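Architecture at a glance
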Amino acid sequence: MEDKEISQAVIGRLPRYFRYLGELKDAGIERISSQDLSELMKVTASQIRQDFNNFGGFGQQGYGYNVEYLYNEVGKILGLDQQHRFIIVGAGNLGRALGNYINFEKRGFIFCGIFDQNPDLFGKEIRGIKIRPMEEMEAFIRKNDVDIAVLTIPKSGAIAAAEKLVKNGIKAIWNFAHVDLNVPEGIQVENVHLSDSLMKLSYNISKARE
């Protein structure tokens, strides 16, 4: 298959396909049609076929999709057949909560380090990983082949931290800081603004009341 540009909208739907297919696989479902998957996911069957056609289709007319095969193929597209080592920058409430989320490892994301500026936290452990001083972060990244950094510090320090992360070989940043990061081309950034999600809920509640 020739390389082609896949829209972010399609990429954004892939994790949801992966999640639903995983649930079907665990339930012992061997095959499913695009129509049945459509009814389950509340996405049109046409949209599902268009999305999968970006990657070769995967289905057979009159048969539908082999659930386990499609689950594995979507996982490969998402890069989940590889392991990605990640660190957390910021050991506050959010950072510790993310560090305790064991499902990361089930998807191939290996939590290997966490860093903070608060000396009272140094040496405390999250699932066996000790909280280290920020001063040790750069050497740790280089030594441990870290791919991804999760940024959970206040925005006042986020930009400087991101610069250090990129300089030391981080390929992607999962950014929970309330600031836009200016990173070099090729560095992937996924911004997560929790308050934005709440405001979206607020809007939808208000519209439903009208």
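Residues numbered from 1 in each chain as written. Predicted model: local features only at pLDDT ≥ 70, side-chain atom pairs only at ≥ 80, totals over all residues. Heavy atoms only, no water.

1. Re the environment of Arg19
Position of Arg19 among the secondary structure elements: in helix 1 (residues 8-26). What makes Arg19 partly exposed here is its relative accessible area of 44%. With 55 residues separating them along the chain, Arg19 and Val74 place their C-alpha atoms 10.0 Å apart. (Helix = DSSP H or I, 4+ residues; strand = E, 2+ residues; numbered from the N terminus. Buried < 20%, exposed > 50% of the residue type's maximum accessible area, 1.4 Å probe, protein only.)

2. A word on the environment of Asn175
Counting through the fold element by element, Asn175 comes out in strand 8 (residues 172-175). Judged by its relative accessible area of 0%, Asn175 is buried. Between the C-alpha atom of Asn175 and that of His193, which follows or precedes it by 18 residues, the distance is 8.4 Å. In contact with Asn175, other than residues within four places in its own chain, are Leu151, Leu181, Val189, Glu190, Asn191 and Val192. Polar side-chain contacts of Asn175 include one of 3.0 Å to the backbone nitrogen of Ala177. (Contact = heavy atoms within 4.5 Å. Polar contact = N/O pair within 3.5 Å; in protein donor to acceptor, adjacent residues only side chain to side chain.)

3. Some thoughts on the environment of Asp120
Of note, Asp120 is situated in the loop between strand 4 (109-116) and strand 5 (125-126). Residue class for Asp120 comes out exposed when judged on its relative accessible area of 61%. Sequence separation between Asp120 and Ile131 is 11 residues; the distance between their C-alpha atoms is 9.9 Å.

4. With respect to the nonpolar core
In terms of nonpolar packing, the biggest core is built from 24 residues, with Ile87, Val89, Leu151, Leu165 and Ile173 touching the most fellow members. Elements with a contribution of two residues or more to this core: strand 3 (84-89), strand 4, helix 7 (137-144), strand 7 (148-151) and helix 8 (155-167). The element contributing the most residues to this core is helix 8, with five residues. Filtering out sequence-adjacent residues up to four positions away, Leu165 remains in contact with Ile87, Val89, Met137, Ile141, Ala149, Leu151, Ile170 and Ile173. (Core = buried A, V, L, I, M, F, W, Y, C linked by side-chain atoms within 4.5 Å.)

5. Quick notes on a nonpolar patch on the surface
Among the surface-exposed residues, Leu198, Leu201 and Ile205 lie close enough to one another that they form a single nonpolar patch of about 310 Å² accessible area. With respect to the secondary-structure elements, Ile205 resides in helix 9 (residues 194-209). (Patch = residues over 30% accessible without salt bridge, like charges linked within 9 Å, V, L, I, M, F, W, Y side chains within 5 Å. Areas by Shrake-Rupley, 256 points an atom, 1.4 Å probe, with all protein chains shown as cover. Salt bridge = Lys/Arg side-chain N within 4 Å of Asp/Glu carboxyl O.)

6. Here's the deal with the layout of surface pockets
Taken as a whole, the largest pocket holds about 1500 Å³ of empty space. Lining of the largest pocket is provided by 29 residues; of these, Pro15, Leu78, Leu80, Phe109 and Glu190 occupy positions nearest its centre. Put simply, the parts of the chain that give the lining of the largest pocket at least two residues each are helix 1, strand 3, helix 6 (103-106), strand 7, strand 8 and strand 9 (188-191). Top contributing element to the lining of the largest pocket by residue count: helix 1, with seven residues. Residues of the lining of the largest pocket, tallied by class, amount to 16 nonpolar, seven polar and six charged. Here the second largest pocket defines a volume of roughly 260 Å³. Of all the elements in the fold, those that place two or more residues in the lining of the second largest pocket are strand 4, helix 7 and helix 8. (1 Å grid on protein atoms, 1.4 Å probe; cavity = no way out; pocket = protein on both sides within 12 Å on 5 of 7 lines; lining within 4 Å. Points joined across faces, edges and corners; volume = space filled by probe spheres on them. Nonpolar A, V, L, I, M, F, W, Y, C, P; charged D, E, K, R; others polar.)

7. Overview of the side chain of Asp116
You can see Asp116 is positioned in strand 4. Among buried charged residues, Asp116 stands out as having no salt bridge; its nearest opposite-charge side chain is Arg96, 6.8 Å away. From its side chain, Asp116 meets the backbone nitrogen of Ala91 in a polar contact 2.6 Å long. In this structure Asp116 touches Gly90, Ala91, Gly92, Leu121, Phe122, Ile131, Arg132, Pro133 and Met134, once residues within four positions along its chain are discounted. (Lys, Arg positive; Asp, Glu negative; His and termini not counted.)

8. Re the sheet that holds strand 3
With mixed pairing, the seven strands of this open sheet are ordered in space as 5-6-4-3-7-8-9. Each edge of the open sheet is held by one strand with a lone partner, namely strand 5 and strand 9. Note that strand 3 and strand 7 share four bridges and pair parallel. The residue of strand 7 that forms the bridge with Ile88 is Val150. Those strands touched by helix 7 are strand 3, strand 4 and strand 6 (129-133), and its axis lies near 175 degrees from that of strand 3. Helix-sheet contacts for helix 8 involve strand 3, strand 7 and strand 8, and the interaxial angle to strand 7 is about 170 degrees. (Pairing = 2+ DSSP bridges. Axes fitted to C-alpha atoms, helices over the stretch in contact; angles between N-to-C directions.)

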